[in-house]
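# Tertiary structure, described
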Amino acid sequence: MTTPTIVLVGHGMVGQHFLEALAERGVTGRARVVVLCEEPRPAYDRVQLTSYFSGRTPDDLSLVEDGFMARHGIELHLDDPAEHIDRAARTVTSRGGRTFTYDTLVLATGSYPFVPPVPGRDAEGCFVYRTIEDLLAIEEYAKNSRTGVVVGGGLLGLEAAGALKGLGLDTHIVEFAPRLMPVQVDDGGGAALLRTIEGMGLAVHTGVGTQEIVADGPAVTGMKLSDGSTLATDLVVFSAGVRPRDQLARDTGLAVGERGGIVVDERCRTSDPDVYAIGECALASDGRVYGLVAPGYDMAKTVADVLADRTSDSAFTGADTSTKLKLLGVDVASFGDAHGTAEGCLDVVYSDSRSGVYKKLVVGADGALLGGVLVGDADSYGMLRPLTGSVPPVPPEQLVLPAGAGAPVALGPSALPDEAVICSCHNVTKGEICTHTTLPEVKKCTKAGTGCGSCVKVIGQLLPQAADQGLCGCFSYTRSELYEIVRTLGLTSYAELLDSHGREDARGGDGCETCKPAVGSILASLGNGYILDGEQGALQDTNDHFLANLQRNGSYSIVPRIPGGEVTPEKLIVIGEVARDFGLYTKITGGQRIDMFGARVDQLPAIWTRLVDAGFESGHAYGKSLRTVKSCVGQTWCRYGVQDSVRMAIDLELRYRGLRAPHKLKSAVSGCARECAEAQSKDFGVIATANGWNLYVGGNGGATPRHADLLAQDLSDAELVRLIDRFLMFYIRTADRLERTSVWLERLEGGLDHLRDVVVHDSLGLCGELEAMMARHVAGYRDEWAETLDDPDRLRRFVSFVNAPDAPDPSVRFVPERDQIKPDLTVLTLEGTPAR
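Quantities reported herein were computed from a predicted structural model and do not represent experimental measurements.

## Focus: the overall build of the chain
Of the regular secondary structure elements, the chain holds 26 helices and 38 strands. Computed over C-alpha atoms, the radius of gyration of the chain comes to 31 Å, within 12% of the 28 Å expected from 2.2 N^0.38 for 836 residues, which places it in the range of a compact globule. A burial count over the chain gives 52% of its 836 residues as buried. Contacts spanning at least 24 positions in sequence make up 62% of the contacts within the chain whose residues lie at least 6 apart. Carbon and sulfur atoms make up 50% of the accessible area of the chain, which totals about 35700 Å².

Shown next as structure tokens:
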């Protein structure tokens, strides 16, 4: 018997899912599978396409596991699309001249971007936003552009706008509909989204269309709109929707819909029983062309079921079109009958235009939840979407009100029925998820959480909470265990750690936003060099990226170190001159420092230069590290003082400066028991006695105040420093991510007594090692500001726009207040009706 041949035309996300489904069902072991791919690279995650502009590489986006094709005997032909189908002869001919005979043909040709038929649309500088190659071309052209316009305010249009803004372009969005995202959100949601996006500095034009692309010679110079206005622009991105790629089907005589799409039945079979169509090119039996990946996956599995067993009852009869995305940093979600088209339905609306939150639930006459729209806060999406079609167990208003604004909501994922679909990408129910115990197990066995990722939070809430103490979905180890692995093995790379000790399904990936900064902190605390060099730069939190604190309007604050609060008049004058010359807001803080606010990112190096030349260095106000060691004036000036608290505070701050930790560290030294420096509210505090120093640890003056505990008393200078060395290194070594010393001490088995045994009495034999580690930190300290200024390559990151390094960010604006400046809140505050 001859081996049957399956030819797949198209290798996008749905095409790859089809191949995986064939492999799971054993079809690849008994059939020849040929894939014709138009693009020069295998299938990649088109949903996450925009993440390319935030550092992910094309290889990072790939959906094809290494060795998958070879392991299953699949023949993949890249950059060689199908050009002709002869159904009578059952052959497909590619652009490269290859001809393949098929027994079964599967069309997964996807869709193509719709470009409005306006004059000038082919001018140089006009792009679509669909493939990695499109993004590479846009990135290159943007280097010589100042302004960009995106035609289309839908999902992809807003992503494209975010990409252009990230490339440094003054960005406009033109949407023909009266609101942004007209398919997904209603007027209220669109208004909330509009205010937020305009607050980010993007110009939005709704209710107008593009009439003409204006060009000077071959290149774009402007755009004429239907309201008679003109936009000057150097670059245009068309993102006005997509159309099914059905031309191959048309040419070969397959039935297509009046408005496009290859007509298929419930088994995704076309008008030719040996030809199937799946994904965005298919017009389903319910008369819809689905533009989402989840329905395409369902179609792929349906066809794979049919090919694995011709008597299969598998069928595609429709799909959930719910969506949850983060666009330009704004959460947007819609589910079910979001626009309230059902007869007799009612809306339950919560709107807070001040904070940019809009929530609407559509409720049927019988009380059933029919759908909803969430803008600005979509945390409840994972719980609400599975409730669609049922009567919620609590009044619907409790499902939209924020915490504290109404009766408490005692509703979580555990209240959902077992048949509730939690992962719509892979159609996985709560019941299927609850048969597993860990997130990696769920992902591996059901694929839930491997699609858009919006269901991961709910999955985590459904799993046994004590089953997996790992740091995150990438590592099964705690932070303290990872610290020991890195320290013991001498690892210096996050990628090396992930590939050698990450969970099996996370290896080879790029990690998550939980573990990357945590591992970055571990590497830094072990002395891994300049914090922004190489891979380390990509691991840092927002503030560390620019060695300064990001403020609410996009400006930065500069906080030079002033150990012990002691500063000479000459240095005070320099701070005043710098603040005056750069127009900064100045404030004396509770930590005995002077903060300067309002600097643009491109001004930071110039400000640092002035401060470093005057003898200042970074105060590390941006880092999870030592902030300040506060002090009173002590014995030197105060008649009650019994020790020199200023000297000790300066010594401690200079010793521990730059020490990276799981959380920020604060300290203080009081010169007597009157406690003017408030040492007992600090992570480690020192109070003078007539016989030396008392050391207190585990204090916290934050949201949950905690008095520090007395660890040791009447210590000499040397004994005090030695115990603090041990305490800090033991904390850094054993604490969880983002865990303050106060929480860590309360969690520590044995509490203060155990801590005293370890760091005072050396019960674990670790003290010599802890002291040596601190000695290495002290010896290896380098000021990050000075290191940056000494290296031209490092300075290149400190620009507002990479393609216009001398241009300031126009969105950073201020207004006067009390003879200084404050952020211009009219750019940030979402004006409109009050919350109701």
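The rest of the description comes next.
## Some remarks on the sheet that holds strand β32 (residues 626–631)
Reading across from one edge, β32-β33-β34-β35-β36 is the order of the five strands in this open sheet, with mixed pairing throughout. Each having just a single partner strand, β32 and β36 (709–715) make up the two edges of the open sheet. Within the sheet, the average angular offset between the axes of one strand and its neighbour, ignoring direction, is 15 degrees. Two strands pair when backbone bridges link them, and strand β35 (residues 692–697) and β36 are joined in this way by four bridges, in the antiparallel orientation.

## A closer look at unusual backbone geometry
Even without a glycine there, the phi angle at leucine 738 is positive, about 60 degrees. Topologically, leucine 738 is positioned in the loop between α21 (717–734) and α22 (741–747). Even without a glycine there, the phi angle at aspartate 819 is positive, about 65 degrees. Looking at where aspartate 819 falls in the secondary structure, it is placed in the loop between β37 (814–817) and β38 (820–823). The exposed category is assigned to aspartate 819, whose relative accessible area is 84%.

## Some thoughts on the environment of glutamate 124
Position of glutamate 124 relative to the elements: it lies in the loop between β8 (111–113) and β9 (126–128). Among the residues examined, glutamate 124 registers a relative accessible area of 42% and is labelled partly exposed. Each C-alpha atom of the pair glutamate 124 and arginine 503 lies 46 Å from the other, and the pair is 379 residues apart in sequence. The contact partners of glutamate 124, leaving out residues within four places of it in the chain, are Tyr141, Pro218, Ala219 and Val220.

## Regarding the packing of aromatic side chains
For the structure on display, the rule yields eleven aromatic pairs. Ring centres 6.3 Å apart and planes at 70 degrees place the aromatic pair phenylalanine 335 and tyrosine 381 in the edge-to-face group. Of the two residues, phenylalanine 335 is situated in strand β22 (residues 330–336) and tyrosine 381 in helix α9 (residues 381–387); the sequence distance between them amounts to 46 residues. Taken together, a centroid distance of 5.9 Å and an interplanar angle of 90 degrees make the contact between tyrosine 656 and phenylalanine 684 edge-to-face. With a gap of 28 residues between them, tyrosine 656 in helix α20 (residues 645–656) and phenylalanine 684 in strand β34 (residues 684–689) connect regions that are remote in the sequence. On the basis of relative accessible area, phenylalanine 684 is assigned to the buried category, the value being 0%. When the ring centre of phenylalanine 114 is taken as origin, the NZ or CZ atom of arginine 243, which lies over that ring, is 4.1 Å away. Here the basic side chain of lysine 571 rests over the ring of phenylalanine 616, its NZ or CZ set 5.2 Å away from the ring centre.

## Re the pattern of salt bridges
One pass over the full model with this rule turns up 48 salt bridges. Arginine 647 serves as the salt-bridge partner of aspartate 651, at 3.3 Å between the closest nitrogen and oxygen. One end of the pair is aspartate 651 and the other is arginine 647, both in helix α20 and four residues apart, which spans about a single turn.

## Digging into the sheet that holds strand β28 (residues 549–550)
Judged by pairing direction, the sheet is antiparallel, and its four strands sit side by side in the order β28-β29-β31-β30 without closing on themselves. At either margin of the open sheet sits one strand with a lone partner, and together these are β28 and β30 (585–588). By the bridge criterion, two bridges tie β28 to strand β29 (residues 556–558) in an arrangement that is antiparallel. Paired with asparagine 549 across the strands is serine 557, a residue of β29. Against the sheet, helix α18 (residues 569–581) contacts β30 and β31 (594–599), and its axis sits at roughly 15 degrees relative to β31.

## Section: the nonpolar core
Judged by nonpolar contacts, the single largest core of 58 residues is most densely connected at Phe475, Leu695 and Leu755. Per element, the largest residue contribution to this core is nine residues, and it comes from α21. Core analysis: the next-biggest nonpolar cluster, separate from the first, contains 54 residues, Leu8, Val64, Ala277 and Ile278 among them.

## Structural notes on the confidence of the model for the chain
On average, the chain scores 87 in pLDDT, and the residues at 70 or more come to 93%. Every residue in residues 406–410 is under pLDDT 50, and counting partners more than four places away or in other chains gives five contacts. Low pLDDT, under 50, characterises residues 827–836; the predicted model gives this stretch 21 contacts beyond four residues in sequence or across chains.

## As for helix α24 (residues 767–780)
For α24, which comprises 14 residues, the first-to-last C-alpha distance of 20 Å matches the rise-based estimate of 20 Å (1.5 Å per residue) to within 8%. Those residues of α24 that are buried are in contact with α13 (479–489), α20, α21 and α23 (751–759).

## Some thoughts on the pairing of β31
With five of its six residues buried, β31 lies for the most part within the structure. Bridge count for β29 against β31 is three bridges, and the pairing is antiparallel. Paired with tyrosine 556 across the strands is alanine 599, a residue of β31. Pairing geometry for β30 and β31, over four bridges, is antiparallel.

## Comments concerning the side chain of serine 314
Mapped onto the fold, serine 314 is located in the loop between α8 (293–308) and β21 (323–327). Polar side-chain contacts of serine 314 include one of 3.0 Å to the side chain of aspartate 305. Excluding its chain neighbours within four sequence positions, the residues that come into contact with serine 314 are Arg267, Lys301, Thr302 and Asp305.

## Side note on the environment of valine 118
Summarising the element assignment, valine 118 is placed in the loop between β8 and β9. You can call valine 118 buried: its relative accessible area is 11%. Expressed as a C-alpha distance, the spacing of valine 118 and glutamine 211, which sit 93 residues apart in the sequence, is 5.9 Å. Not counting the four nearest positions on each side in its chain, valine 118 is found in contact with Thr210, Gln211, Glu212 and Ile213.

## Quick notes on the packing of helix α1 (residues 13–24) against α8
Two numbers describe how α1 lies on α8: the axes approach to 8 Å, and their chain directions differ by 35 degrees. Of the two elements, α1 crosses α8, and the hand of that crossing is right-handed. Touching Met13, Val14, His17, Phe18, Ala21 and Leu22 of α1 are Val293, Gly296, Tyr297, Ala300, Lys301, Val303, Ala304 and Leu307, all from α8. Taken together, the residues of the contact of α1 with α8 sort by class into eleven nonpolar, two polar and one charged.

## Points about helix α5 (residues 155–166)
Each α-helix winds once per 3.6 residues, and so residues spaced three or four apart point in a common direction. With twelve residues, α5 should reach 16 Å at 1.5 Å per residue; the first-to-last C-alpha distance of 17 Å fits that figure. For α5, the complete set of buried residues consists of Gly157, Leu158, Glu159, Ala160, Ala161, Ala163 and Leu164.

## Observations regarding the environment of glutamate 343
Residue placement: glutamate 343 occurs in the loop between β22 and β23 (346–352). For glutamate 343, a relative accessible area of 81% corresponds to the exposed category. On a C-alpha basis, the gap between glutamate 343 and glycine 364 in space is 8.1 Å, while along the polypeptide they are 21 residues apart.

The rules behind these values
- Residues numbered from 1 in each chain as written.
- Predicted model: local features only at pLDDT ≥ 70, side-chain atom pairs only at ≥ 80, totals over all residues.
- Heavy atoms only, no water.
- Helix = DSSP H or I, 4+ residues; strand = E, 2+ residues; numbered from the N terminus.
- Rg over C-alpha atoms; globule rule 2.2 N^0.38 Å.
- Buried < 20%, exposed > 50% of the residue type's maximum accessible area, 1.4 Å probe, protein only.
- Contact = heavy atoms within 4.5 Å.
- Areas by Shrake-Rupley, 256 points an atom, 1.4 Å probe, with all protein chains shown as cover.
- Pairing = 2+ DSSP bridges.
- Axes fitted to C-alpha atoms, helices over the stretch in contact; angles between N-to-C directions.
- Phe/Tyr/Trp six-rings, centres within 6.5 Å; stacked < 30°, edge-to-face > 60°.
- Lys NZ or Arg CZ within 6 Å of the ring centre and 35° of its normal.
- Salt bridge = Lys/Arg side-chain N within 4 Å of Asp/Glu carboxyl O.
- Core = buried A, V, L, I, M, F, W, Y, C linked by side-chain atoms within 4.5 Å.
- pLDDT = per-residue confidence, 0-100.
- Expected span 1.5 Å × (residues − 1).
- Polar contact = N/O pair within 3.5 Å; in protein donor to acceptor, adjacent residues only side chain to side chain.
- Left-handed = near helix turned anticlockwise from the far one by under 90°.
- Nonpolar A, V, L, I, M, F, W, Y, C, P; charged D, E, K, R; others polar.

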